[in-house]
Amino acid sequence: MAADTTNSLDSIHSGTLPGTTSDTEAITDIDLGIDLGTTRTVVALADRGNYPVLSFADDNGDEHDFMPSLTALRDGELVHGFAARQAAHQGAPLLRSLKRVLASPTLTASTPVTLGERTFSALEVLTSYLRHLRTELSKQDVDINRARAVVAVPAHAYGAQRLLTLEAFQGAGFCVAAMLNEPSAAGFEYTHRKATTVSAKRTRVLVYDLGGGTFDTSLVDVIGTSHEVLASHGLGDLGGDDIDLLMATMVLNKAGIAEQDLSHTELDDLLDQCRDAKEHLTPQSRRVLIVLRGQDIVLPVADLYRASTPLIERSLATMAPLIGRLDDGSPDLTDIAGVYLVGGASGFPLVPRLVRERFGRRVHRSPYPGASTAIGLAIAADRTSDYDLTDRLSRGFGVFREADAGHRLTFDAILNPESVQASPDGREGTVLTREYDAAHNIGWYRFVECADVDEAGEPRGEIAPYQDIVFPFDVSLRDMDDQELRTYSVERRDQGPRIQEHYRIDEAGLVRVTITDLTDGYSRRYVLGRRTE
């Protein structure tokens, strides 16, 4: 059951995400949108109704409208961005696509990330990267101490990725005012640029967001400057990186060279060449030239498109449930104002071609596809704008409970992908409570997230363990910590205390849980993924 709530971005400064303070407006006067992408990080600034994208200098002093989302190990230390790319060219171990590590259903802050002979935690690597981003921003006279940022995660991101991303930004010294889903932010950029396409009859925007490592799609209803996300879907294993890998495989096959015969430096160089070649393709391109070990390898673009078509078709299949279908199988576009292509990989010419074959002339591509999300985030951060947003959880959430004295588990679907998130100004999103008489000495809650929840209330798609919580129903066990409680057997008890569970989705898409013994008021509260009290 979704609550009727609106996320007012005009008053976003009064919101409090985990670790932030409530007096943000009093100490900040710079509004930033930061898109932490799989391959590139883009930052946009709110400036009197304009949203310029900030530039970053590489080692040669050349300016780029992004910073590479790369990390390398040089002389035993982590280096990032353009410095990481340069280090990799000199043979340093390189980490590409950290964001795909973050998308793992088993992610925790301590998930190991190996570079060369050293191992770091995922939180350590991401925080270090964001500290480097902060340093680079300071070179452009952006005083992070006076700035507040709105950041984004994929719409389908599980809670662990959301929590770790927030903690890394805060650990790097950023004041995070809000976290949005990436296609929701792109919906703001669409309205900012394409407001005339929205009418009383056509109010819905279908966002197609193909980034370097992930794909997201959202159906957004637009009334003036009010945006309501009706539904979202996504894939954590589809993006431009996959096209690069496919192209590299084709080059190796044509050259007669096995991947394992390449050094790390040669492989990194090959992938960089493939990415550059892909990004420079135009609808008129006929051939791609890649140099491998001094040998010119020519790939017909038609062959690349043919090999890549199944990848793009996966994205279109993921979009299909967001729109109605007519009896003849065609999409029902009656209410669609536009299909908006964003994300750096949407520039691959095959993408707009196949999307237009499916959706016709209503397909629009952002003039800044790689920066669309960052611009939308800056619009969201802009305290002078009047945009507002109703967003949704975009994933299922539930708990496996003890039954039959611990001999059986049952699944209780608590939240579904349509559940509405809270707004940053503190207004409630979806709130749900459970009350029951405890039938055991210990409550063992095995919280999980899933891609969806079916009509029978069972989890569907990929299931991600979120957090196990043990709660002492027996008063005599309350002095024990969680580790001690886990050593006790679950036993059935008669006439147990009355228990209440209270669930709320916060503004970052995280689930807050309060478990209370109503007989005496004893309570424990959690932001799932991190115990708070």
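Higher on the page you've got the structure.
Residues numbered from 1 in each chain as written. Predicted model: local features only at pLDDT ≥ 70, side-chain atom pairs only at ≥ 80, totals over all residues. Heavy atoms only, no water.

Quick look at the overall build of the protein chain
Thinking step 1. A tally of helices and strands in the protein chain yields twelve helices and 30 strands.
Thinking step 2. The principal-axis extent of the C-alpha atoms belonging to the protein chain is close to 80 × 60 × 55 Å.
Thinking step 3. For the protein chain, the proportion of contacts with a sequence separation of at least 24, taken over those separated by at least 6, is 69%.
Thinking step 4. Carbon together with sulfur atoms contributes 46% to the accessible area of the protein chain, which is approximately 22200 Å² in total.
Thinking step 5. In the protein chain, which carries 54 positive and 79 negative side-chain charges, the distance between the mean positions of the two groups comes to 4 Å. (Helix = DSSP H or I, 4+ residues; strand = E, 2+ residues; numbered from the N terminus. Contact = heavy atoms within 4.5 Å. Areas by Shrake-Rupley, 256 points an atom, 1.4 Å probe, with all protein chains shown as cover. Lys, Arg positive; Asp, Glu negative; His and termini not counted. Charge placed at Lys NZ, Arg CZ, Asp CG, Glu CD.)

Details of the sheet that holds strand β7 (residues 71–74)
Thinking step 1. Taken together, the three strands give an open sheet; going across it, the order is β8-β7-β9, and neighbouring strands pair in antiparallel fashion. The sheet terminates laterally at β8 (77–80) and β9 (94–95), the two strands that pair on one side only.
Thinking step 2. For β7 and β9, the ladder comprises two bridges, and the chain directions are antiparallel. Within the sheet, the bridge partner assigned to A72 lies in β9 and is L94.
Thinking step 3. Taken strand by strand, helix α4 (residues 122–138) contacts β7, β8 and β9, and its axis lies near 50° from that of β8. (Pairing = 2+ DSSP bridges. Axes fitted to C-alpha atoms, helices over the stretch in contact; angles between N-to-C directions.)

Some remarks on helix α6 (residues 182–194)
Thinking step 1. Its 13 residues place the ends of α6 18 Å apart at the C-alpha level, agreeing with the 18 Å of an ideal helix rising 1.5 Å per residue.
Thinking step 2. Among the 13 residues of α6, ten are classified as buried, and the element is accordingly described as predominantly covered.
Thinking step 3. Three or more residues of α6 are buried, namely E182, P183, S184, A185, A186, G187, F188, E189, Y190 and T191. (Expected span 1.5 Å × (residues − 1). Buried < 20%, exposed > 50% of the residue type's maximum accessible area, 1.4 Å probe, protein only.)

Comments concerning the environment of L73
Thinking step 1. Summarising the element assignment, L73 is placed in strand β7.
Thinking step 2. Taking the relative accessible area as the measure of exposure, L73 reaches 11% and is therefore buried.
Thinking step 3. Separated by 43 residues in sequence, L73 and G116 place their C-alpha atoms 7.1 Å apart.
Thinking step 4. Setting aside residues up to four positions removed in sequence, L73 forms contacts with L78, A92, P93, L115, R118 and F120.

Focus on the packing of aromatic side chains
Thinking step 1. Evaluation of the coordinates by the stated rule reveals 14 aromatic pairs.
Thinking step 2. Taking 4.8 Å as the distance between ring centres and 75° as the angle between the ring planes, the aromatic pair formed by Y190 and Y340 counts as edge-to-face. Remark: Y340 occurs in strand β19 (residues 336–342) and Y190 occurs in helix α6; sequence separation between them is 150 residues.
Thinking step 3. A relative accessible area of 0% places Y340 in the buried class.
Thinking step 4. Following the ring pairs from residue to residue traces out a cluster consisting of F397, Y445, F447, Y466 and Y503.
Thinking step 5. One Lys or Arg, R40, reaches over the ring of F66 and ends 3.9 Å from the middle of that ring. (Phe/Tyr/Trp six-rings, centres within 6.5 Å; stacked < 30°, edge-to-face > 60°. Lys NZ or Arg CZ within 6 Å of the ring centre and 35° of its normal.)

Quick word on the sheet that holds strand β12 (residues 147–153)
Strand-to-strand pairing in sheets goes through backbone hydrogen bonds, with the strands running parallel or antiparallel.
Thinking step 1. Spatial ordering of the open sheet is given by β6-β3-β2-β12-β13, a layout of five strands whose pairing is mixed. At either margin of the open sheet sits one strand with a lone partner, and together these are β6 (67–68) and β13 (176–181).
Thinking step 2. The pairing of strand β3 (residues 40–45) with β6 spans two bridges and is classified as antiparallel. Paired with T41 across the bridge in β6 is M67.
Thinking step 3. Sitting on the sheet, helix α5 (residues 159–171) is in contact with β2 (30–36), β12 and β13, with an inclination near 150° to β13.
Thinking step 4. Sitting on the sheet, helix α11 (residues 372–381) is in contact with β2, β3, β12 and β13, with an inclination near 150° to β2.

Here we look at the pattern of salt bridges
Thinking step 1. A full pass over the atoms with the stated rule returns 32 salt bridges.
Thinking step 2. Across the salt bridge formed by R96 and D272, the nearest N and O atoms sit 3.0 Å from each other. Here R96, found in the loop between β9 and α3 (98–102), pairs with D272, found in helix α8 (residues 264–279); they are 176 residues apart in sequence, far enough to count as distant.
Thinking step 3. In this structure D272 comes out as buried when scored by relative accessible area, which is 16%.
Thinking step 4. Here R204 ties to D221 by a salt bridge, and the two come within 3.7 Å at their closest N and O atoms. Residue R204 is located in strand β14 (residues 204–210), and its partner D221 is located in strand β15 (residues 215–223); the two are separated by 17 residues in the primary sequence. (Salt bridge = Lys/Arg side-chain N within 4 Å of Asp/Glu carboxyl O.)

Side note on unusual backbone geometry
Thinking step 1. The phi dihedral of R293 falls on the positive side, at around 55°, and the residue is not glycine.
Thinking step 2. Taking relative accessible area as the criterion, R293 reaches 49% and is therefore assigned partly exposed.
Thinking step 3. A positive phi is found at S394, a non-glycine position, where the angle reads about 70°.

Observations concerning a nonpolar patch on the surface
Thinking step 1. A cluster of nonpolar side chains, namely L289, V291 and V298, defines an oily patch on the protein surface of about 220 Å² accessible area.
Thinking step 2. Note that V298 resides in strand β18 (residues 295–300). (Patch = residues over 30% accessible without salt bridge, like charges linked within 9 Å, V, L, I, M, F, W, Y side chains within 5 Å.)

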